[in-house]
Amino acid sequence: MKRTDLEGKVAIVTGSSKGIGKAIAIALAAKKVKIVLNGRDAEKLEQTAREISSSGYEVFPIQGDVGIYSDCEKLIKQTVEKYGTLDILINNAGLSMEGSIGNTSPEVFEKVIHTNILGVIYPTKAALPYLMKTNGSVIFTGSIAGFMGLPNYSAYSASKMSLTAIVQSLKIELEGTGVHVGINYVGFAENPSDKTFLNQNGEIEQVPIREQFKRMPLQEIANIFVKGIEKRRYKQTPSLLGKTTNIAQRFFPTFFEWLMTRKYKTEKAAVG
Ligand SMILES: NC(=O)c1ccc[n+]([C@@H]2O[C@H](COP(=O)([O-])OP(=O)(O)OC[C@H]3O[C@@H](n4cnc5c(N)ncnc54)[C@H](OP(=O)(O)O)[C@@H]3O)[C@@H](O)[C@H]2O)c1
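Here goes a summary of the coordinates provided. (Residues numbered from 1 in each chain as written. Predicted model: local features only at pLDDT ≥ 70, side-chain atom pairs only at ≥ 80, totals over all residues. Heavy atoms only, no water.)

Another aspect to go through is the overall build of the chain. Within the chain one finds eight helices and nine strands. Counting only C-alpha atoms and orienting by the principal axes, one finds that the chain spans roughly 55 × 40 × 30 Å. Buried positions account for 48% of the 272 residues belonging to the chain. Contacts in the chain between residues at least 24 apart in sequence constitute 72% of all its contacts with a sequence separation of at least 6. Summing over all exposed atoms, the chain offers an accessible surface of approximately 13700 Å²; the carbon and sulfur share of this is 54%. Positive and negative side-chain charges in the chain, numbering 34 and 26 respectively, have mean positions lying 7 Å apart. (Helix = DSSP H or I, 4+ residues; strand = E, 2+ residues; numbered from the N terminus. Buried < 20%, exposed > 50% of the residue type's maximum accessible area, 1.4 Å probe, protein only. Contact = heavy atoms within 4.5 Å. Areas by Shrake-Rupley, 256 points an atom, 1.4 Å probe, with all protein chains shown as cover. Lys, Arg positive; Asp, Glu negative; His and termini not counted. Charge placed at Lys NZ, Arg CZ, Asp CG, Glu CD.)

Structure below.
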């Protein structure tokens, strides 16, 4: 299989001012990739850029919202103006939510669906002409929540499930162009203290610690992304929980649904 030598390549990582995106940016920068950081909050983005460049890595922050097409065009244009080319796009920016369909405000669904679906299509569309010139890679941050509709995460699950459809379409559309398409179905990550989600009223809340699940360190997740790009892999499911969930919902769907229903009812009863 063809292998990509990452040294000197140019990569955009959307949603890289913190969390998984920041970890991917650092892991790629350590391989001598020139990194374009992205996020909506300009101050946070600058702070992350300073932090990463102080370790001697090449980073360039470009503020923008992946859900706005003109911001995505600007992201690509400024990257190419700065570095002359684009080799890798990592569609990582995403929002999470929590709340049942019955109790959650319509704005939460709109925000999550808009950011997590259009927010990967828009940067990809804007980047494709450049990725085609470089036989580059376009990578998506999926989730094990995209294997099955999870209770209280309907819009999030739907958005992450739709990534599978997007990469399937894209892979066929790009057949023969030399562009590599990849998706990583990430399991529970070791969320840093600044990890947030939208509650059912659309308010930003801090994510609680999920002690019941083994959470993957961000660096470990990031290294899997890097290896996937180097080896030009299509689909990766890094965690054991992810692999088990995928097999369970595919081959034992009734049992898996029963298990999820039982867990949901127990948790609901505990909350009261
Ligand atoms: N954490 C997990 O356990 C987990 C598991 C599976 C998959 N994932 C996926 O991994 C990705 C990153 O998640 P994370 O946990 O690292 O989240 P996070 O810590 O909340 O970071 C999200 C990043 O995305 C940026 N962002 C959000 N909306 C954006 C927008 N519209 N345009 C541009 N940037 C935007 C944020 O910066 P601003 O707010 O400043 O824009 C931030 O840099 C997401 O796609 C998520 O679904 C996470």
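From this point, the discussion proceeds with the structure in view.
Here the focus is a nonpolar patch on the surface. Together, I247, F251, F252, F255, W258 and L259 line one region of the surface with nonpolar side chains, adding up to about 650 Å² of accessible area. Considering the arrangement of structural elements, one finds F251 in helix α7 (residues 240-251). (Patch = residues over 30% accessible without salt bridge, like charges linked within 9 Å, V, L, I, M, F, W, Y side chains within 5 Å. Salt bridge = Lys/Arg side-chain N within 4 Å of Asp/Glu carboxyl O.)

Turning next to the packing of aromatic side chains. In this structure the tally under the stated criterion is four aromatic pairs. Ring centres 6.4 Å apart and planes at 90° place the aromatic pair F60 and Y83 in the edge-to-face group. Taken together, the residues F60 in strand β3 (residues 59-63) and Y83 in helix α3 (residues 69-83) connect sequence positions 23 residues apart. The class for F60 is partly exposed, based on a relative accessible area of 23%. The ring of F60 has K82 lying over it, and the distance from NZ or CZ to the ring centre is 5.0 Å. Of note, K171 hangs over the ring of Y234, and the distance from its end group to the ring centre comes to 4.7 Å. (Phe/Tyr/Trp six-rings, centres within 6.5 Å; stacked < 30°, edge-to-face > 60°. Lys NZ or Arg CZ within 6 Å of the ring centre and 35° of its normal.)

In the region of the ligand, 30 residues are neighbours, and S17, I20, R40, N92 and Y156 sit closest. Between the ligand and S17 there is a distance of 2.7 Å, counted from an oxygen atom to a side-chain nitrogen or oxygen. Contact between the ligand and I20: an oxygen atom at 2.8 Å from a main-chain N or O atom of the residue. Within the complex, 94% of the 890 Å² of free accessible area of the ligand lies under protein. If you list the elements that add at least two residues to the shell around the ligand, you get α1 (19-29), β2 (34-39), β5 (137-143) and α5 (154-173). In terms of residue count, β5 provides more of the shell around the ligand than any other element does, three residues in total. In terms of residue class, the shell around the ligand is built from eight nonpolar, 15 polar and seven charged. (Near = heavy atom within 4 Å. Polar contact = N/O pair within 3.5 Å; in protein donor to acceptor, adjacent residues only side chain to side chain. Nonpolar A, V, L, I, M, F, W, Y, C, P; charged D, E, K, R; others polar.)

Ranked by internal contacts, the top residues of the largest apolar core, which has 32 residues, are V138 and F140. The dominant element in this core, judged by the number of residues it contributes, is helix α4 (residues 106-134), at six residues. Dropping the residues within four chain positions of it, V138 is found in contact with L89, N91, T124, L131, L170, V179, H180, V181 and G182. A25, V33, M216 and L218 belong to the second-largest nonpolar core, a separate cluster that totals 29 residues. (Core = buried A, V, L, I, M, F, W, Y, C linked by side-chain atoms within 4.5 Å.)

The subject of this paragraph is α3. For the α-helix, the turn length of 3.6 residues means that residues three or four positions removed from each other point alike. For α3, built from 15 residues, the straight-helix expectation of 21 Å at 1.5 Å per residue is met to within 8% by its first-to-last C-alpha distance of 21 Å. Here α3 has its buried residues at D71, C72, L75, I76, T79, V80 and Y83. Within α3, the buried residues cover an arc of 170° as seen down the axis, which keeps them to one side. Exposed positions of α3 whose direction lies more than 90 degrees from the buried face are K77 and E81. On its buried face, α3 sits against β1 (10-13), β2, β3 and α4. Immediately beyond the C-terminal end of α3, within one or two residues, lies G84, with a positive phi of roughly 85°. (Expected span 1.5 Å × (residues − 1). Arc of directions from axis to C-beta.)

Pairing of β2 with β3 involves five bridges; the strand directions are parallel. Looking at the pairing, L37 lines up with P61 of β3. Traced from β2 through helix α2 (residues 42-53) to β3, the parallel crossover comes out right-handed. (Pairing = 2+ DSSP bridges. Right-handed = clockwise from strand over helix to strand, strands pointing away.)

By themselves, these figures tell us nothing about what the structure is for.
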